[in-house]
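Below, each chain spelled out in residue letters.
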Amino acid sequence: MKKKLFIALALILAAAAGWAVLRGAGGGDEVRIIRTETLAPGTVRKVLEATGIVKAMVGAQVKIGARTSGIIDKMLVKIGDHVEKGQLIALIDSREETAQKIEVEARLLRSRAEMERVRTVYPLQINEAEAAYREAEAEQEYADKNMSRQERLVKQDLQAQDVLDQARQSALTSRSRAAARAVTVARLKEEFVQERIKAEKAVREAQAALDTVEVRLSYKRILSPITGIVSQVTAQEGETVVSGFQVSNLITVLDPSRLEMWIYVDETDVGQVRPGMQVEFRVDAYPNETFTGSVDRVYPTPEIRDNIVYYLAIVNLDVQQAEKLRPDMTTQCKVIVEVKENVLALPNTALKWIGDKQVVFVEAEAGKSRRVQPQLGLQGLERSEVLDGLSEGDKVAVQVTLPASGKAKGGK
């Protein structure tokens, strides 16, 4: 609001000064027309003027750091270099992690060898035990048959009792041996399952340890996460990077094609600004070039600067324009609030204040002039829409000398 009052006061003072100059230059009693412009259809635009600043979009500027400590072996980029996504830009000393990787790889090889041994040896032992068990079963079957045969012979008094006793003892021994062989087979199968699980876990643990070391090794290789330009380098070769609770920033990469503009809109004008409105702006670096964009969104929360309330409007910029601009460039903006095409467009320089009325002087016959108080519609910075009072083809005075008395003669 203070800004608006200041601008209004400045305009009043400028109008008063112009009035004094015009009166002093008149020296006569008639309105003298110095320059005219023919009234014709045209375009009238209502615009809001504001100050803006070019900013990098979220994600367009990335500060690249290190999640590990160590001495910087190589810094492969400098400010202004173009980098691609995934490109190696710095190396940190990795001797300790390399040694750990060699140790873990050796442990992984031992674990894999043990797993292969378990997978190979135990099936062979099980096969041998099963063969011995089958042999024991065959011996038991023979011993049982022999005992039955000796029992029949003893009953017929054809064989001595001692032979029968030996046959019984042999049958019992065969049964015990077959049972022991069966237990051995079961034990070997259970051991094989347990040893295989143990070996597989050892391999997985060693592989996990290797993956961890490789991740730590990857931290020693600093890669660019985006494609862009190196805008800042904060460390050099030979410096020590110490990583703690906060990641150490080494390099900043900017994508120059992803820029936007922030416009600070006065609180008295923010109600007229809506998403989709076109914006024209200039920067000091290219004084003869006009850039364009469109309002993307208006922030709901205010920003107070110099005790003046502003609201931030974000303007999208296309890639071609963004490549010519730089972050933090100051812009002079015009937000196109309303546009009317093919209307009777009156130059604002033709509007003159006479007392408390805004009039236009129209060139008449014989060098005379007539004064008209037109009805205006849409008012722009350079031209205003005429609704009534003037016609197409009228020659309106854009520069006049008023009479010394301050009252125009021959006017209407």
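Residues numbered from 1 in each chain as written. Predicted model: local features only at pLDDT ≥ 70, side-chain atom pairs only at ≥ 80, totals over all residues. Heavy atoms only, no water.

Caption draft 1: Layout of the overall build of the protein. If you tally the helices and strands in the protein, you get four helices and 21 strands. The proportion of buried residues among the 412 residues of the protein is 33%. Counting only carbon and sulfur atoms, one obtains 51% of the accessible surface of the protein, whose full area is about 24500 Å². (Helix = DSSP H or I, 4+ residues; strand = E, 2+ residues; numbered from the N terminus. Buried < 20%, exposed > 50% of the residue type's maximum accessible area, 1.4 Å probe, protein only. Areas by Shrake-Rupley, 256 points an atom, 1.4 Å probe, with all protein chains shown as cover.)

Caption draft 2: Just the nonpolar core, in detail. Of all hydrophobic cores here, the largest spans 23 residues; its most connected members are M261, I263, V279, F281, V315, L317 and L325. When residues of this core are traced back to their parent elements, those giving at least two are β2 (40-56), β11 (259-266), β12 (278-283), β13 (286-305), β14 (308-316) and β15 (330-347). Sorting elements by how many residues they give to this core places β11 first, with four residues. In this view, F281 contacts M261, E289, T290, F291, T292, L317, L325, T331, Q332 and C333; residues no more than four positions away in its chain are not counted. M75, V77, V83 and L250 belong to the second largest nonpolar core, which has 18 residues in total. (Core = buried A, V, L, I, M, F, W, Y, C linked by side-chain atoms within 4.5 Å. Contact = heavy atoms within 4.5 Å.)

Caption draft 3: The sheet that holds strand β6 (residues 88-92), seen in detail. Strand order across the open sheet formed by four strands is β7-β6-β4-β9, with antiparallel pairing between neighbours. Each end of this open sheet is capped by a strand with a single partner; those strands are β7 (221-223) and β9 (240-241). Pairing of β6 with β7 involves three bridges; the strand directions are antiparallel. Residue pairing for β7: A90 is matched across the bridge by I222. (Pairing = 2+ DSSP bridges.)

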